[in-house]
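Inside the fold
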Amino acid sequence: PNKLHSHLPLFQRTINIHTGTRSFSSSSFTIETKQKQWFANAASGMAVEDNCKLKFLELKKRIFRFIIFRIDGQQVVVEKLGNPQETYDDFTASLPADECRYAVFDFDFTTNENCQKSKIFFIAWSPDSSRVRMKMVYASSKDRFKRELDGIQVELQATDPSEMSFDIIKSRAL
């Protein structure tokens with residue numbers, strides 16, 4: 001072993017030796033960071049069904065108002081699609097009271113300048129009454145899943161309905 005690296009953690013020493021550097025450098029940091037990201041994705045162990053991405057693209061084209069996703073085994077799947085006429089109340093009523101879910105909602109609103117706008121919300125629904133293991137699985141998989149959905153404009157985490165009330169959604173959109 002190289003004595004120059006004895007002060008570094010074993011993982012960094014291994015990376016430095018493999019990259020051929022004699023001291024800590026940005027290239028070894030980049031490799032270490034990429035490996036940590038890979039391990040984080042592998043640790044969540046969650047695959048994303050292609051249908052999730054396809055339906056999200058359709059939501060962006062205004063074919064759906066909202067999509068609710070659930071984790072089924074080791075995969076995120078579409079649970080419910082809301083048609084464009086459904087309201088925010090219809091959406092919140094579709095979330096289970098005691099189970100975690102991911103959801104996207106296409107929120108239409110009028111700005112203070114009287115302009116019609118729309119923002120796509122990503123909502124991590126994790127009610128207090130859900131099982132601890134379920135909360136942990138959803139929390140550890142959230143970022144990986146969210147990266148698959150290109151076009152999320154606002155993220156919201158909620159543990160009870162008051163944390164995602166219509167007024168809160170509207171204030172976050174403006």
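The rules behind the values
Residues numbered from 1 in each chain as written. Predicted model: local features only at pLDDT ≥ 70, side-chain atom pairs only at ≥ 80, totals over all residues. Heavy atoms only, no water. Helix = DSSP H or I, 4+ residues; strand = E, 2+ residues; numbered from the N terminus. Buried < 20%, exposed > 50% of the residue type's maximum accessible area, 1.4 Å probe, protein only. Areas by Shrake-Rupley, 256 points an atom, 1.4 Å probe, with all protein chains shown as cover. Salt bridge = Lys/Arg side-chain N within 4 Å of Asp/Glu carboxyl O. Expected span 1.5 Å × (residues − 1). Bend = angle between axes of the 7 residues up to and from the residue. Core = buried A, V, L, I, M, F, W, Y, C linked by side-chain atoms within 4.5 Å. Contact = heavy atoms within 4.5 Å. Phe/Tyr/Trp six-rings, centres within 6.5 Å; stacked < 30°, edge-to-face > 60°. pLDDT = per-residue confidence, 0-100. Right-handed = clockwise from strand over helix to strand, strands pointing away. Pairing = 2+ DSSP bridges. Axes fitted to C-alpha atoms, helices over the stretch in contact; angles between N-to-C directions. Polar contact = N/O pair within 3.5 Å; in protein donor to acceptor, adjacent residues only side chain to side chain.

Some points on the overall build of the chain
Helix and strand counts for the chain come out as 6 helices and 6 strands. The order of helices and strands in the chain, counted from the N terminus, is α-α-β-α-β-β-α-β-β-α-β-α. The proportion of buried residues among the 174 residues of the chain is 36%. Accessible area of the chain: about 10,300 Å², with a carbon and sulfur share of 53%.

A few points about the pattern of salt bridges
For side chains of opposite charge, pairing can occur when their charged atoms come near one another. Counted by the stated rule, this structure contains 13 salt bridges. One network of salt bridges, in which partners are shared, links Arg70, Asp72, Glu79, Glu99 and Arg101.

Section: helix H5 (residues 132–148)
Between its terminal C-alpha atoms H5 stretches 25 Å, which fits the 24 Å expected from 17 residues at 1.5 Å a residue. Of all the bends found along H5, the most pronounced is centred on Lys142 and spans about 45°. Of all the residues in H5, the buried ones are Met134, Tyr138, Ser141, Lys142 and Phe145.

Focus: the nonpolar core
In this structure, Phe69, Val76, Tyr102, Val104 and Phe145 are the most contacted members of the largest nonpolar core, which totals 21 residues. Listing elements by their share of this core, those giving two or more residues are helix H3 (50–60), strand S2 (66–72), strand S3 (75–82), strand S4 (101–110), strand S5 (116–125) and H5. Ignoring anything within four residues of it in the chain, the contact list for Phe145 reads Val48, Cys52, Phe69, Val76, Tyr102 and Phe122. Counting 18 residues, the second-largest nonpolar core is a separate cluster that includes Ala103, Ala158, Met164 and Ala173.

As for the packing of aromatic side chains
Counted by the stated rule, this structure contains 15 aromatic pairs. Here the aromatic rings of Phe69 and Phe145 are separated by 4.9 Å at their centres, their planes lie at 70°, and the arrangement is edge-to-face. Remark: Phe145 occurs in helix H5 and Phe69 occurs in strand S2; sequence separation between them is 76 residues. The exposure class of Phe69 is buried, given its relative accessible area of 0%. Ring geometry for Tyr88 and Phe91: centres 5.6 Å apart, planes at 45°, overall tilted. Taken together, the residues span about one helical turn, with Tyr88 and Phe91 both in helix H4 (residues 88–94) at a distance of 3 residues. Put simply, the rings of Phe66, Tyr88, Phe91, Phe105, Phe107, Phe109, Phe121 and Phe166 touch in pairs and so form one group of aromatic residues.

Quick notes on the confidence of the model for the chain
Of all residues in the chain, 74% have pLDDT values of 70 or greater, and the mean over the chain is 83. No element of the chain has a lower mean pLDDT than helix H1 (residues 10–19), at 43, and none a higher one than strand S6 (residues 154–158), at 98. Scored below 50 in pLDDT, residues 9–43 makes 26 contacts in the model with residues more than four places away or belonging to other chains.

A look at the pairing of S6
Remark: a regular strand shows side chains that alternate across the two faces of the sheet. Alternating residues of S6 divide into Val154, Leu156 and Ala158, all buried, and Glu155 and Gln157, none buried. Crossover S5 to S6 through H5 is right-handed.

Some points on the sheet that holds strand S1 (residues 47–48)
The strands making up a sheet associate through hydrogen bonds between their backbones, and the pairing can be parallel or antiparallel. Spatial strand order, S1-S3-S2-S4-S5-S6: 6 strands in an open sheet with mixed pairing. Looking along the sheet, the strands with just one partner apiece sit at the ends: S1 and S6. This element, H5, spans S1, S2, S3, S4, S5 and S6 of the sheet and lies at about 55° to S4.

Section: the side chain of Arg101
Checked against the element boundaries, Arg101 lands in strand S4. A polar contact is formed between the side chain of Arg101 and the side chain of Glu79, at a distance of 2.9 Å. For Arg101, the residues in contact, after removing those within four places along its chain, are Ile68, Phe69, Arg70, Glu79, Leu95, Pro96, Ile123, Ala124, Trp125 and Tyr138.

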